[in-house]
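Residue-level structure breakdown
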Amino acid sequence: MSVQVKDLKVYYRTLRGDVRALDGASFTIADGEIMGLAGESGCGKSTLGRSLIAIDGRMRYVGGSVSLDGAALPLDDQAAMARHRFTAVSLVPQYAMSAMNPTRKIGKLVTDLLRSRGIAPDTVLGEFRRRLELVGLSTDVLARYPIELSGGMKQRVVMVISTLLDPSLLVADEITSALDVSTQKAVAEAVVEFRDRGFVASTIVITHDLSILVQMADSIMIMYAGKPVERASTDAVVSSSRHPYTRLLLSSLPEVGVRYEEHRLSGIAGRPPSLLNPPPGCRFRDRCPLAFAKCAEEPPFVEVAPGHSAACWKA
Amino acid sequence: MRRYFTRKFLIYLLTFFFAVSIDWAIPRFMPGDPVQSMLSRAALHPESATAMYDYYSNSFGLDVPIWRQYLNFWGSLLQGDLGTSVWLYPQPVSSVIANAIPYTLALMLPAILLSWWAGNSFGAFAARRKWLDNTALPFAYILNSMPYMWLGILLAWLLGSVLDIFPLSGGYGYGLQPEWSLEFIGSLLKHWFLPFASLFLVGFGGWAIGMRNLIIYELESDYSHYLTALGAPQRLIRRYAFRNAMLPQVTGLALQIGVIVAGALVTEIVFSYPGLGNLILQAINNEDYFLLQGAFLFIIIGVLIANFVIDMVYVLVDPRTRTGMRGATS
Ligand SMILES: Nc1ncnc2c1ncn2[C@@H]1O[C@H](COP(=O)(O)OP(=O)(O)OP(=O)(O)O)[C@@H](O)[C@H]1O
Ligand code: SF4
Ligand SMILES: [Mg+2]
């Protein structure tokens, strides 16, 4: 039990009130597990990922806990949290293309970063070089500026930097979205390789592309309107999903490799509810073909089969 | 790298050639005859006027065809000869300008450099520090948006007329002769202070606001967020932000230094300060085309040198310009 999240709630403060973007998530990720996180745009995937790294000024920690290898993370104390970042929890951001300071050579940037965290650069730079070679980059990139690299190269460099200190949890947000199909594959393989070599213990891969999760994830969690609705092994989600939303999501995938984001979920009519004032009961009720009277009550997120949880009265 | 510098240098040389040619042409194709107007002030007999006209035309080199005048102009320019001043006849233009330049430089260089340094330091420090941002920044905005003329007059009125601490006009006291004496230098400093302070204040406000906004922009950029996500301390993030925010400010500084002389115009007129700006005003009032031409020549040289230096500096500090000249490698 490496990562344990219990009833985590993080809202955005806005002028019109709190946006309940993450409204109670409980799950665990084992050591060496790659968990895929999927769901429609705006369902709170990035919010969950971000909350595990840094809850910034626009967000408000409302409740819940996260523990890493048994020790609780100080989610609501950003100064204390900073000490855990990079070493225990780390992020490969959605914006990897622009994540590095454009006016600093990559080698210098990493040295600056390590020093600022009180780590002698010499102790890890050798490993940094080895890992760059592992993902197919020459160590020349150390002497280069970020703009001198292609998109795929930047993506890989950022991945190597983020995992340099062997974090227990890595959050990878949309790391393949900006890449072409062949580069996507290489990046997905690198994530698996890093896990296999023990560079990261647990990984959360956030993506719009379910087909890529099928290739690389051990398990998948589906979110809807700020809450997890189903969580199971990849096989179980693909072949025997229990939640109506997951099933519609899978059936609305026209073919492998096409992102459902671009298809605006033709299979599921309607839109997700507003997270400003979400309705009581099951949040999928308006769009659910199986909805019945009981769905006015909120279904609990419970185990429906061994290692398989879902939040649906009909699951 | 070398090819880049050589190419740049040639471009600047070409620009210099055209700018100076235009500088030569404009007064000559303007209506009015400088010699005529100089003589008319002297109210002479018609016959002697004709003789005088011929004499002056010859001594100003205006009695040869226009293309010859142009060639002669370049010839003497390359020997450092800018002609003779009409207004202060028979002083050579070069010595009139040489007398004015120290005043302008002593006024503008410290004002520009110090306000740049102080404004940027303050702006960078104030960015994202709530209490400073809320208290000091409005003053910077007021300073910056005030018309310069008005600020100058306000300062002159307050410190010059009301409190009577500083003299209102001139470069030094009326009874004094330029010399290396304590009295003269003290008088120089006293006369220097008001124009300097007015320039400094306006510059300071502008730089501080600019820097603050640039820093906030940098702190909101992706690389800052990534550093935060990796637990980097605020110190490192601010250091990067400052370094990147400095780049546009360096360009801004270069442009200011380039137009240093033109910038001095208003100040020197408000405070009757005997620098190049004042000289331009006098040259216009007295239809002294040679002096005007000489003064503009210095502006051209100043702008070009400043831009050239900044081009070089930029290549050294910003890698993004460097890839442009090598062709992107990926
Ligand atoms: N800064 C913010 N202020 C207010 N609301 C926000 C903010 N950021 C996100 N939200 C809202 O929170 C919800 C969840 O956003 P989040 O970015 O986590 O979604 P996501 O699942 O990652 O979507 P995507 O697939 O488009 O990346 C959305 O409804 C969004 O409108
Ligand atoms: S709880 Fe009801 S409305 Fe919600 S998904 Fe299940 S059947 Fe549909
Ligand atoms: Mg997202």
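Read on for an overview of the structure. Everything numeric in this text was worked out from a predicted model, so none of it was measured. Sequence order as written defines residue numbering, which begins from 1 separately in each chain. All chains are assigned letters beginning with A, and all ligands numbers beginning with 1, in the order in which they are written. The predicted origin of the model limits local features to residues at a pLDDT of at least 70 and limits the giving and counting of side-chain atom pairs to 80 or more, whereas totals for whole chains, interfaces and linings rest on all residues. In computing side-chain values, all of the structure's heavy atoms are included and hydrogens and water are not.

Looking at the layout of surface pockets
Of the grid points, spaced at 1 Å and generated over the protein atoms alone, those admitting a 1.4 Å probe that cannot get out make up cavities, while open sets with protein on both sides within 12 Å along at least five of seven lines make up pockets; any residue with an atom within 4 Å of a point is treated as lining. Grid points are joined across faces, edges and corners, and a volume is the space filled by probe spheres set on the points. The calculated volume of the largest pocket comes to roughly 1000 Å³. Only runs of H or I of at least four residues qualify as helices and only runs of E of at least two qualify as strands under DSSP, and these elements are numbered from the N terminus. Every element with two or more residues in the lining of the largest pocket is listed here: helix 1 (45-51), helix 2 (78-84) and strand 7 (169-173) of chain A together with helix 9 (222-229) and helix 10 (234-258) of chain B. The element that contributes the greatest number of residues to the lining of the largest pocket is helix 9 of chain B, accounting for five residues. Looking at the lining of the largest pocket residue by residue, the class counts come to 14 nonpolar, 10 polar and nine charged. Quantified by volume, the second largest pocket comes out at close to 500 Å³. Gly falls in the polar group here, along with every residue not listed as nonpolar (Ala, Val, Leu, Ile, Met, Phe, Trp, Tyr, Cys, Pro) or charged (Asp, Glu, Lys, Arg). For the lining of the second largest pocket, the class distribution of residues is 15 nonpolar, five polar and no charged.

Brief notes about helix 6 (residues 130-145) of chain B
Residues and elements named next belong to chain B. Under the 1.5 Å per step criterion, the end-to-end length of helix 6 is 22 Å for 16 residues, consistent within 8% with the ideal 22 Å. Within helix 6, the full set of buried residues consists of L132, D133, A136, L137, A140 and L143. Packed against the buried residues of helix 6 are helix 5 (93-126), helix 7 (148-162) and helix 8 (182-219). Each helix should span, by expectation, one fewer than its residue count multiplied by 1.5 Å. Relative accessibility under 20% of the residue-type maximum defines a buried residue, over 50% an exposed one, and the middle range a partly exposed one, all with a 1.4 Å probe and only protein chains included. The contact criterion used is simple: two residues touch if any of their non-hydrogen atoms lie within 4.5 Å.

Some details on the nonpolar core
With 107 residues, the main nonpolar core has A:F128, A:L132, A:V157, A:I161, A:Y245, A:F284 and B:I215 as its most contacted residues. If one sorts the elements of this core by residue count, helix 8 of chain B sits on top with 10 residues. Setting aside residues up to four positions removed in sequence, A:V157 forms contacts with A:M100, A:I106, A:L132, A:L137 and A:L149. Judged by nonpolar contacts, the second largest core, of 34 residues, contains A:V3, A:L37, A:V89 and A:M221. Throughout, nonpolar core names a set of buried Ala, Val, Leu, Ile, Met, Phe, Trp, Tyr and Cys residues whose side chains join them through atoms within 4.5 Å.

Side note on the site of ligand 2
Throughout, near means a residue has at least one heavy atom within 4 Å of the molecule or strand. In the region of ligand 2, 13 residues are neighbours, and A:C282, A:C288, A:C295, A:C312 and A:W313 sit closest. The residue inventory of the shell around ligand 2, partitioned by class, reads 10 nonpolar, one polar and two charged.

Some words on the interface of chain B and chain A
Tallying the contact residues gives 25 residues for chain B and 31 residues for chain A. Buried area: the sum, over both parts, of the accessible surface (1.4 Å probe) that disappears when the two are put together. With both sides pooled, the region where chain B packs onto chain A buries about 2300 Å², and carbon together with sulfur makes up 60% of that total. When residues of chain B are sorted by the area they lose upon contact with chain A, B:Y226, B:L230 and B:Y240 head the list and together hold 28% of the total. Only one rule defines a salt bridge in this text: a Lys or Arg side-chain nitrogen within 4 Å of an Asp or Glu carboxyl oxygen. Where chain B packs against chain A, one counts zero salt bridges. Counted as a polar contact is a pair of N or O atoms within 3.5 Å, where, for protein atoms, one must be capable of donating a hydrogen and the other of accepting one, and residues adjacent in sequence contribute only when both atoms are in side chains. Run the count over chain B and chain A and you get 10 residue pairs in polar contact (both at pLDDT 80 or more). At the level of secondary structure, the elements contributing two or more residues to the side of chain B that touches chain A comprise helix 9, helix 10 and helix 14 (319-326) of chain B. The greatest single-element share of the side of chain B that touches chain A, amounting to seven residues, is contributed by helix 9 of chain B.

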